[in-house]
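If you want the building blocks of each chain, they are given just below.
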Amino acid sequence: MSGGLLLVFLIGLLVGSFLNVLIDRIARNEKFVFGRSYCESCQHLLSWQDLIPLFSFIFLAGRCRYCRARIPFWLPVIELVTALVFVLVAWWFFELAWGLIFLGLIIASLLIVVFFTDLKYRLVYGIIIYPALLITLVYQIAIFGSWVGLISPLLASLATGLFFYLLYLLTKKRGLGFGDVQIGLLMGLLLGWPNIVVALYLAFLTGALTGIILIIAGRAKMKTAIAFGPFLVLATFIAWFAGGKLISLVTTCLFF
Ligand SMILES: [Zn+2]
């Protein structure tokens, strides 16, 4: 099992380095996701030794081999985050069929892209969200084995999307963005009832706390909107992995 997890970790690093390219090239509207990678500073094409996920960054001490410019620190962070999320997905869902774990890994990868495009560029992309909705639908059909099982995720998806859309209109598009509405649809579809409630609670709680901390630290004013997408995605991961456990923990605390 641990050998399997190490393999999943290494695959996660590789996928993470692909996600890095995807995140930056979508944001820059570059069409060629599979084009050769180059240094952002000196435009030198990178060789395979420069592109080993995580390890190249460590061996090169975080600097370009050719011009010594600093390699963006996002690169190893996103690679490491992806690898750790892959291990979590494989570990959490290990009793599921391989096909389901594979779909889970794709969904997790797309959530990571949503997290970092919103964090880095303050944007959420339909080109990521819509395929993610489709794959999540397939994942849910495969898990429940019937269309009836889809009722809960579909209702949760519509309810969350509608709720966010109302907030988007009420805050005159300055509180929530339309990207958050799209993320809401995806969250509901992946989590269903009642896990979606756990995710929304965690997202609003952590988002509000972070806002307050930033205001106290003088980093943000009341008017500075912080990207909400990363909080939504983080809460989605927590509710996806541990929603059931959190709900039973809270009900136990309430009734005993
Ligand atoms: Zn360079």
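Residues numbered from 1 in each chain as written. Predicted model: local features only at pLDDT ≥ 70, side-chain atom pairs only at ≥ 80, totals over all residues.

Novice: It is not clear to me how the domain arrangement of the protein chain should be interpreted in this structure. Could you clarify?
Specialist: Accessible area lost on assembly of the parts is the figure often given for the size of an interface. Looking at the protein chain, the domain boundaries give domain 1 (1-85) and domain 2 (93-256). If you average the C-alpha positions of domain 1 and of domain 2, the two centres end up 26 Å apart. The interface of domain 1 with domain 2 comprises eleven residues on the first partner and eleven residues on the second. Of all the secondary-structure elements, those providing two or more residues to the side of domain 1 that touches domain 2 are helix H1 (2-27) and helix H3 (74-92). Per-class residue counts for the side of domain 1 that touches domain 2 are ten nonpolar, one polar and no charged. (Domains from an automatic or database assignment. Contact = placed C-beta atoms within 7 Å. Helix = DSSP H or I, 4+ residues; strand = E, 2+ residues; numbered from the N terminus. Nonpolar A, V, L, I, M, F, W, Y, C, P; charged D, E, K, R; others polar.)

Novice: So what exactly am I meant to see when it comes to helix H5 (residues 126-144) here?
Specialist: Count 3.6 residues to each turn of an α-helix, and residues three or four apart come out pointing the same way. Look at H5: 26 Å from first C-alpha to last across 19 residues, which is about the 27 Å you get at 1.5 Å a residue. Burial in H5 covers these residues: Ile128, Ala132, Thr136, Tyr139 and Gln140. End-on view of H5: buried residues confined to an arc of 95°, all on one side of the axis. Away from the buried face of H5 by more than 90 degrees, exposed residues Gly126, Ile127 and Leu134 are located. (Expected span 1.5 Å × (residues − 1). Buried ≥ 20, exposed ≤ 12 C-beta atoms within 10 Å, placed from the backbone. Arc of directions from axis to C-beta.)

Novice: Please clarify how the nonpolar core should be interpreted in this entry.
Specialist: In summary, soluble globular proteins display a tendency toward joint burial of nonpolar side chains. Grouped together as the largest cluster of nonpolar side chains are 53 residues, with contacts concentrated most on Val113, Val114 and Ala199. Where this core is concerned, the elements lending two or more residues are H1, H3, helix H4 (98-121), H5, helix H6 (151-170), helix H7 (178-191), helix H8 (195-216) and helix H9 (229-255). It is H4 that contributes the most residues to this core, eleven residues altogether. Counting contributing residues per domain, this core is built from domain 1 (1-85) and domain 2 (93-256), each supplying no fewer than three. When near neighbours in sequence (up to four residues on either side) are disregarded, Val114 contacts Val124, Ile128, Ile183, Gly229 and Val233. (Core = buried A, V, L, I, M, F, W, Y, C linked by C-beta atoms within 7 Å.)

Novice: Which parts of the structure should I look at to understand unusual backbone geometry?
Specialist: Residues other than glycine predominantly adopt negative phi, and peptide bonds predominantly adopt the trans conformation. Omega for the bond connecting Trp193 with Pro194 falls within 30 degrees of zero, at 0°, which places this linkage in the cis form. Assignment of secondary structure puts Pro194 in the loop between H7 and H8. A positive phi angle, near 65°, is found at Gln43, a position not held by glycine. Relative to the assigned elements, Gln43 resides in the loop between H1 and helix H2 (55-59). According to the C-beta neighbour criterion, Gln43 is exposed, with 9 such atoms within 10 Å. With phi around 60°, Arg122 is a residue other than glycine that occupies positive phi space. Along the chain, Arg122 falls in the loop between H4 and H5.

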